[in-house]
Amino acid sequence: MLIKILASLASPGGPDACLSTLIFHRVLAQPDPLFPGEPDARVFDKILDWVGANFNVISLADAVAALARHALPARALVITFDDGYADNEAIALPVLKKHRMNATFFVASNFIDGGRMWNDTVIEAVRNFEGTRLDLSDIGLGAFSTQNVNDRRSAIDALLGQLKYRPPIERSGLVEAVASIACVRLPDDLMMTSGQIRALRDTGMIIGGHTSSHPILARLSDAEAFDEIVAGKRMLETILGETVDFFAYPNGKPGRDYLTPHKAMVEKAGFTAAVTTAVGVARGGADLFQIPRFTPWDRNKWRFGLRMLSNMRSEVVLAPAAVNATESA
């Protein structure tokens, strides 16, 4: 009750209201020792309990319309998912339906129907490697102990850090080399099928664009970035048979992962709003193409609530202006 009262003071509704937007990626069937911070169904259910008790969950479409009118309801909150994992439909959707909550799912279209994101290739290669030392020195990535779960998680974090901001073609080649050296069988069912995307839409959930191949837009030429934005939108619209209105910037950090020209590209492509991974909340009159998102990592309801309240007071950082994406990469 205390959290709800404080949230009402921070966001009373109307012109003084603010929008909190949560971001998730996966909801697992069971806890993952490699990624203990990733919620499973039980934890996700608890989070939605906390959220439902203290906030007013609305759809992203309603939130965007209310932001434009300076007319958000009190304690407004939106739930979003990035990337398009199959467990979003298989595991998260039943929990959302139980709580009668809406969410928006931003899907990177190239990985639908059997694809796999580059980071998951690295993760699953290290997870399933059978040795105690994964030597990637020949491809310039170093060697890593894989004797236990902590070693494997450290190896994954180090590799993702080395690879994330490489040019897409170079990164793709290195990722495939990692998988080849690890010599493991990789899963082909991590991402949603076209049918699962339609199933989400058919239950009232919103599907949004997340580019085709999830590149760091700031590392592409302007032409490449625009093509990624548009191609992802078109593929999802073909699957759904309707317009896709909302977009999430891959990785989403303003000034690092996307720049002001990319915001203009998203608008030009026909989206009506976009979300970032900047902390903070959106208020009436906010830039609808840079809506911040934040999810507390706490697994205690009081700490979760207090961190949500702290985020409601955070200063929002927006993408700085730049001449063009190529010069800033």
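Everything discussed here concerns the structure shown above.
Notes on the structure in this doc start here. (Residues numbered from 1 in each chain as written. Predicted model: local features only at pLDDT ≥ 70, side-chain atom pairs only at ≥ 80, totals over all residues. Heavy atoms only, no water.)

Below, the discussion takes up the pairing of strand E1 (residues 18-24). Judged by how many residues are buried, E1 sits mostly within the fold: seven of seven residues are covered. Residues Cys18, Ser20, Leu22 and Phe24 of E1 are buried on one face, and the alternating residues Leu19, Thr21 and Ile23, pointing to the opposite face, are buried as well. Bridge count between E1 and strand E3 (residues 76-83): six bridges; the pairing is parallel. When the bridges of E3 are listed, isoleucine 23 appears paired with threonine 80. (Buried < 20%, exposed > 50% of the residue type's maximum accessible area, 1.4 Å probe, protein only. Helix = DSSP H or I, 4+ residues; strand = E, 2+ residues; numbered from the N terminus. Pairing = 2+ DSSP bridges.)

Counting residues in each nonpolar core, the largest one holds 54 residues, and the members touching the most others are Phe44, Ile79, Phe81, Leu96 and Ile197. When sequence neighbours within four positions are dropped, the list of residues in contact with isoleucine 197 reads Val107, Ile112, Met192, Ile207, Leu236, Ile239 and Leu240. One finds Phe144, Ile156, Leu160 and Leu174 within the second-largest nonpolar core, a separate group that totals 24 residues. (Core = buried A, V, L, I, M, F, W, Y, C linked by side-chain atoms within 4.5 Å. Contact = heavy atoms within 4.5 Å.)

To continue, consider the packing of aromatic side chains. For the structure on display, the rule yields nine aromatic pairs. Where phenylalanine 44 meets phenylalanine 81, the ring centres are 5.8 Å apart and the plane angle is 70 degrees; that geometry is what we call edge-to-face. One end of the pair, phenylalanine 44, is in helix H2 (residues 41-54); the other, phenylalanine 81, is in strand E3, and 37 residues separate them in sequence. On the basis of relative accessible area, phenylalanine 81 is assigned to the buried category, the value being 0%. Seen from their ring centres, phenylalanine 247 and phenylalanine 271 are 5.2 Å apart, and the 50 degrees between their planes marks the pair as tilted. (Phe/Tyr/Trp six-rings, centres within 6.5 Å; stacked < 30°, edge-to-face > 60°.)

This part covers the pairing of strand E4 (residues 104-107). Because side chains alternate across E4, one face comprises the buried residues Thr104 and Phe106, and the other comprises Phe105 and Val107, equally buried. Both E3 and E4 contribute to a ladder of four bridges, which runs parallel. Directly across from aspartate 83, in E4, lies its bridge partner valine 107. In the classification by handedness, the crossover that spans E3, the intervening helix H4 (residues 87-98) and the parallel E4 is right-handed. Here four bridges tie E4 to strand E7 (residues 206-209), and the two strands are oriented parallel to one another. Residue pairing for E7: valine 107 is matched across the bridge by glycine 209. (Right-handed = clockwise from strand over helix to strand, strands pointing away.)

We now examine the pattern of salt bridges. Counted under the stated rule, the structure contains twelve salt bridges. Measuring nitrogen to oxygen at the nearest pair gives 3.0 Å for the salt bridge that ties glutamate 124 to arginine 127. Residue glutamate 124 and its partner arginine 127 are both found in helix H5 (residues 118-128); the two are separated by three residues, about one turn of the helix. Among the residues examined, glutamate 124 registers a relative accessible area of 8% and is labelled buried. Classification of arginine 127 as partly exposed rests on a relative accessible area of 27%. Two residues, glutamate 170 and arginine 166, come together in a salt bridge whose shortest N-O distance is 2.8 Å. Using a relative accessible area of 37% as the deciding quantity, one classes glutamate 170 as partly exposed. Connected via shared salt-bridge partners are Asp32, Glu124 and Arg127. (Salt bridge = Lys/Arg side-chain N within 4 Å of Asp/Glu carboxyl O.)

For the rest of this paragraph, the subject is unusual backbone geometry. Backbone geometry at aspartate 83 places phi at a positive 95 degrees, although glycine is not the residue there. Residue placement: aspartate 83 occurs in strand E3. Judged by relative accessible area, aspartate 83 falls into the buried class, the value being 6%. In this model, cysteine 183 sits at a positive phi of 55 degrees, which is unusual for a non-glycine residue. Residue position: cysteine 183 is located in the loop between helix H7 (168-182) and helix H8 (194-202). Residue cysteine 183 is classed as exposed on the basis of its relative accessible area, which comes to 67%.

A separate point is the packing of H5 against H7. Close contact between H5 and H7 brings their axes to 9 Å; oriented N to C, the two are set at 20 degrees. One finds that H5 runs roughly parallel with respect to H7. Two packed elements cross with a definite hand, and for H5 against H7 that hand is left-handed. Across the interface between the two elements, Trp118, Thr121, Val122 and Ala125 of H5 pack against Arg171, Val175, Val178, Ala179 and Ala182 of H7. The residue makeup of the contact of H5 with H7, split by class, is seven nonpolar, one polar and one charged. (Axes fitted to C-alpha atoms, helices over the stretch in contact; angles between N-to-C directions. Parallel < 35°, antiparallel > 145°, perpendicular 65-115°, else oblique. Left-handed = near helix turned anticlockwise from the far one by under 90°. Nonpolar A, V, L, I, M, F, W, Y, C, P; charged D, E, K, R; others polar.)

From the geometry alone we can't say anything about function, so treat these as descriptive.
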